[in-house]
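# Summary of the model geometry
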Amino acid sequence: MFLPLYIDPGTGSMLFSILIGACATLFFLVKALWLKIKLFLTGGKDAAKTDKSYKPYVIFCEDKRYWNIFKPVLDEFEKRQTDITYYVANDKDPVFAEKYQYVHPEVIGEGNRAFAKLNMLSAGIVLMTTPGLQVYQLKRSRNVKHYAHILHAPGDATMYRLFGIDYFDSILCTGDYQFADIRELEHKRNLPEKELVTVGCTYLDVFKKKMEAIPAEENHKFTVLVSPSWGKSALLSLYGEKLLDPLAKTGWNIIIRPHPQSRISEADMLTKLEEKYKDTANIIWDSERDNCYSLKKADIMITDFSGIIWDYTFLCDKPVMYANAEMDLMPYDAYDLNHEIWQFDTLKKIGIKIEEKDFSNIKEVIQNASDNPELAQLRHKARDEAWQHIGESGKLTADFMIKTVEELSK
């Protein structure tokens with residue numbers, strides 16, 4: 001009887017890395033030989049001109065949900081009439097709805113299929129939000145001159161899984177405060193210093209414009225936004241009905257916006273909650289790609305350690321309540337730091353902490369959670385630290401990419 005061979009995911013990942021490594025080595029040996037022949041025949045011209053597959057500017061977008069991060073950059077390249085290649089996972093990406101002439105989208109698939117393409121890429125600079133370069137399947141191509149990572153949130157740069165940004169050549173930051181922790185990790189891990197540049201936050205620039213264009217709600221009813229992170233320590237997983245039952249009884253509009261990863265990793269938990277509250281008129285579930293519409297409606301937000309804290313704080317300038325903001329940092333780069341990270345320290349200053357014992361009296365707790373000038377001042381200070389160059393992120397990112405390629409080409 002024939003039994004199919006089972007390969008566990010870890011072994012499969014390792015085998016894929018070995019296979020890609022072997023293929024990439026053979027590919028580059030053949031390519032290097034061919035380029036040497038071409039250089040000899042063309043009298044020693046620049047390899048970038050001889051290599052027909054070379055692309056000066058490349059952006060890799062692993063999922064369409066990162067569209068708002070890259071759109072300001074693509075718009076800037078289009079404005080400058082400068083060609084740029086935009087690699088995406090599938091043909092449903094929003095880029096295909098644009099009428100770009102100088103932005104060239106190309107579908108390269110997801111996961112290992114995309115990595116196989118990227119690992120053999122020939123380019124001047126590659127910009128991405130994807131962490132883990134040279135750690136997992138995504139390897140540095142020998143024919144890419146510069147890898148840049150753009151942070152996709154104004155929180156700490158060390159909140160990636162271990163070694164998430166160690167092997168990039170540059171990090172494009174949202175605020176100068178992120179520099180110190182990156183340098184601390186470089187020193188502890190004996191890594192060469194990366195180029196650190198503050199360009200601002202691209203997606204917050206996009207959302208700022210969108211929210212300003214959303215008209216004020218007529219006959220507005222007091223609204224609470226519940227917007228947690230995901231995982232066993234996150235709000236819905238930890239408390240679920242214990243929090244939602246008393247919120248539903250307030251009679252206020254309650255918008256619940258689960259983290260996108262919850263739909264994948266905690267589908268059963270969400271399904272049970274959605275089923276329970278399906279007939280509760282004031283409970284609204286939000287699964288829209290953009291969070292700006294819910295943020296605009298909310299008078300107060302309840303969360304945990306989710307990055308949406310900064311979206312709401314910086315864009316809406318309204319109070320935030322947080323429950324159980326404790327998080328196990330062991331799998332993250334921040335674990336190797338000798339101090340509390342910025343976002344946890346700042347949340348304690350600008351947020352209003354609630355505990356499980358407060359849930360039964362949640363309406364009164366929220367009514368008493370008044371805003372005040374001191375809290376507003378602390379929110380503004382946090383925004384100034386974490387979201388610099390407001391409205392200029394696309395321009396500054398394009399400036400950096402073009403300048404880097406020009407300098408590498410000299």
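Here we summarise the structure given alongside this text. (Residues numbered from 1 in each chain as written. Predicted model: local features only at pLDDT ≥ 70, side-chain atom pairs only at ≥ 80, totals over all residues. Heavy atoms only, no water.)

## Examining the overall build of the protein chain
Rules: Put simply, DSSP marks the helices as runs of H or I at least four residues long and the strands as runs of E at least two long, and each gets a number from the N terminus on. Three labels apply to residues, based on accessible area from a 1.4 Å probe with only protein chains included: buried if under 20% of the type maximum, exposed if over 50%, partly exposed otherwise in between. Residues count as neighbours in contact if any of their non-hydrogen atoms are within 4.5 Å of one another. To be clear on the numbers: accessible area is Shrake-Rupley with a 1.4 Å probe, and residue cover counts the displayed protein chains and nothing else.
For the protein chain, the helix and strand inventory stands at 16 helices and 13 strands. Taken across its 410 residues, the protein chain has 50% of its residues classed as buried. Summarising the internal contacts of the protein chain: among those between residues at least 6 apart in sequence, 67% fall at separations of at least 24. Counting only carbon and sulfur atoms, one obtains 54% of the accessible surface of the protein chain, whose full area is about 20600 Å².

## Describing the pattern of salt bridges
How we decide: By definition, a salt bridge exists where a carboxyl oxygen of Asp or Glu is found within 4 Å of a side-chain nitrogen of Lys or Arg.
Enumeration according to the criterion identifies 31 salt bridges in this entry. Note that Arg189 is salt-bridged to Asp333, the shortest N-O span being 2.9 Å. With Arg189 in the loop between helix 5 (178-188) and strand 7 (195-198) and Asp333 in the loop between strand 12 (320-323) and helix 13 (342-350), the pair connects residues that are 144 residues apart, well separated along the chain. Note that Glu212 and Lys208 form a salt bridge whose closest N and O atoms lie 2.8 Å from each other. Of this pair, Glu212 and Lys208 both sit in helix 6 (residues 202-213), four residues apart, which is roughly one turn of that helix.

## As for the sheet that holds strand 9 (residues 253-256)
Under the convention used in this document: Pairing between two strands requires that DSSP report at least two bridges joining them. A fitted line through C-alpha atoms represents every axis, and for helices the fit uses only the stretch in contact; the resulting angles, taken between N-to-C directions, go from 0 to 180 degrees.
Spatial strand order, 10-9-8-11-12-13: six strands in an open sheet with parallel pairing. Lying at the two open borders of the sheet, with one neighbouring strand each, are strand 10 (283-285) and strand 13 (351-354). The average undirected angle you get between the axes of adjacent strands in this sheet is 25°. The pairing of strand 8 (residues 223-226) with strand 11 (residues 300-303) spans three bridges and is classified as parallel. Paired with Leu225 across the two strands is Met301, which belongs to strand 11. Along the sheet face, helix 12 (residues 308-316) touches strand 11 and strand 12 and points at about 165° away from the line of strand 11.

## Focus: the pairing of strand 5 (residues 143-150)
Within a regular strand, side chains alternate between the sheet's two faces. Within strand 5, six of the eight residues are buried, which leaves it mostly tucked inside the rest of the structure. Summarising the sheet, strand 4 (residues 122-128) and strand 5 pair through six bridges and their orientation is parallel. For Met128, the partnering residue across the bridge sits in strand 5 and is His149. One ladder, built from three bridges, connects strand 5 with strand 6 (residues 170-173); its direction is parallel. Across the sheet, residue Ile150 finds its bridge partner in strand 6, namely Leu172.

## Some thoughts on the sheet that holds strand 3 (residues 103-107)
Across a sheet, strands are paired by hydrogen bonds formed along the backbone, either parallel or antiparallel in direction. Reading across the sheet, the seven strands line up as 3-2-1-4-5-6-7 and stay open at both edges, with parallel pairing between neighbours. Only two strands of the sheet have a single neighbouring strand rather than two, namely strand 3 and strand 7. Shown here is a sheet whose adjacent strand axes are inclined to one another by a mean of 25°, direction ignored. As paired elements, strand 1 (residues 55-60) and strand 4 share five bridges and run parallel to each other. The residue bridging Lys55 from the neighbouring strand is Ala123, located in strand 4.

## Digging into the nonpolar core
This is how the line gets drawn: To qualify as a nonpolar core, a set must consist of buried Ala, Val, Leu, Ile, Met, Phe, Trp, Tyr and Cys residues joined through side-chain atoms within 4.5 Å.
In this structure, Ile59, Phe70, Leu74, Tyr86 and Met401 are the most contacted members of the largest nonpolar core, which totals 57 residues. Of the residues forming this core, the biggest block, seven residues, is contributed by helix 12. The contacts of Tyr86, once residues within four sequence positions are left out, are Ile59, Cys61, Trp67, Phe70, Leu74, Asp93, Val95, Val103, His104, Pro105 and Glu106. One finds Leu247, Leu270, Leu273 and Ile366 within the second-largest nonpolar core, a separate group that totals 27 residues.

## As for the packing of helix 6 against helix 12
Put simply, the test is: Note on angle classes: values under 35 degrees are labelled roughly parallel, values over 145 roughly antiparallel, values of 65 to 115 roughly perpendicular, and the remainder oblique. Crossings are classed by handedness, with left-handed meaning an anticlockwise turn of the near helix from the far one by less than a right angle and right-handed meaning a clockwise turn. Each residue gets one of three labels, nonpolar for Ala, Val, Leu, Ile, Met, Phe, Trp, Tyr, Cys and Pro, charged for Asp, Glu, Lys and Arg, and polar for the others, Gly among them.
Two elements in contact, helix 6 and helix 12, have axes whose closest approach is 11 Å; the angle formed by their N-to-C orientations is 50°. By the criterion of interaxial angle, the relationship of helix 6 to helix 12 is oblique. In the crossing of helix 6 with helix 12, the sense of the turn from one axis to the other is right-handed. Across the interface between the two elements, Tyr203, Leu204, Phe207, Lys208 and Met211 from helix 6 touch Asp311, Phe314, Leu315 and Cys316 from helix 12. Taken together, the residues of the contact of helix 6 with helix 12 sort by class into seven nonpolar, no polar and two charged.

## Quick look at the packing of helix 12 against helix 13
Helices that pack against each other are described as a pair by the angle of their axes relative to one another and the distance between those axes. The contact between helix 12 and helix 13 brings their axes to 12 Å, and the two run at 50°. As far as their axial angle goes, helix 13 and helix 12 are oblique. Crossing of helix 12 over helix 13 shows left-handed handedness. Across from Ile309, Trp310, Thr313 and Phe314 in helix 12, the residues of helix 13 making contact are Trp342, Gln343, Thr346, Leu347 and Ile350.

## Things to note about the packing of aromatic side chains
Applicable threshold: For Phe, Tyr and Trp, where Trp contributes only its six-membered ring, two rings pair if their centres lie within 6.5 Å, and the inter-plane angle classes them as stacked under 30 degrees, edge-to-face over 60, or tilted in between.
Counted according to the given criterion, the structure contains nine aromatic pairs. Measuring from ring centre to ring centre gives 5.6 Å for Tyr203 and Phe207, while their planes differ by 85°; the resulting arrangement is edge-to-face. Of this pair, Tyr203 and Phe207 both sit in helix 6, separated by four residues, roughly a single helical turn. Of the two residues, Tyr203 and Phe207, neither departs from the other in class, the shared state being buried.

## Considering helix 12
In terms of burial, helix 12 is a largely internal element, nine of the nine residues being buried. Within helix 12, the full set of buried residues consists of Ile308, Ile309, Trp310, Asp311, Tyr312, Thr313, Phe314, Leu315 and Cys316. Contacts made by the buried residues of helix 12 are with helix 6, helix 11 (292-297), strand 11, strand 12, helix 13 and helix 15 (373-386).

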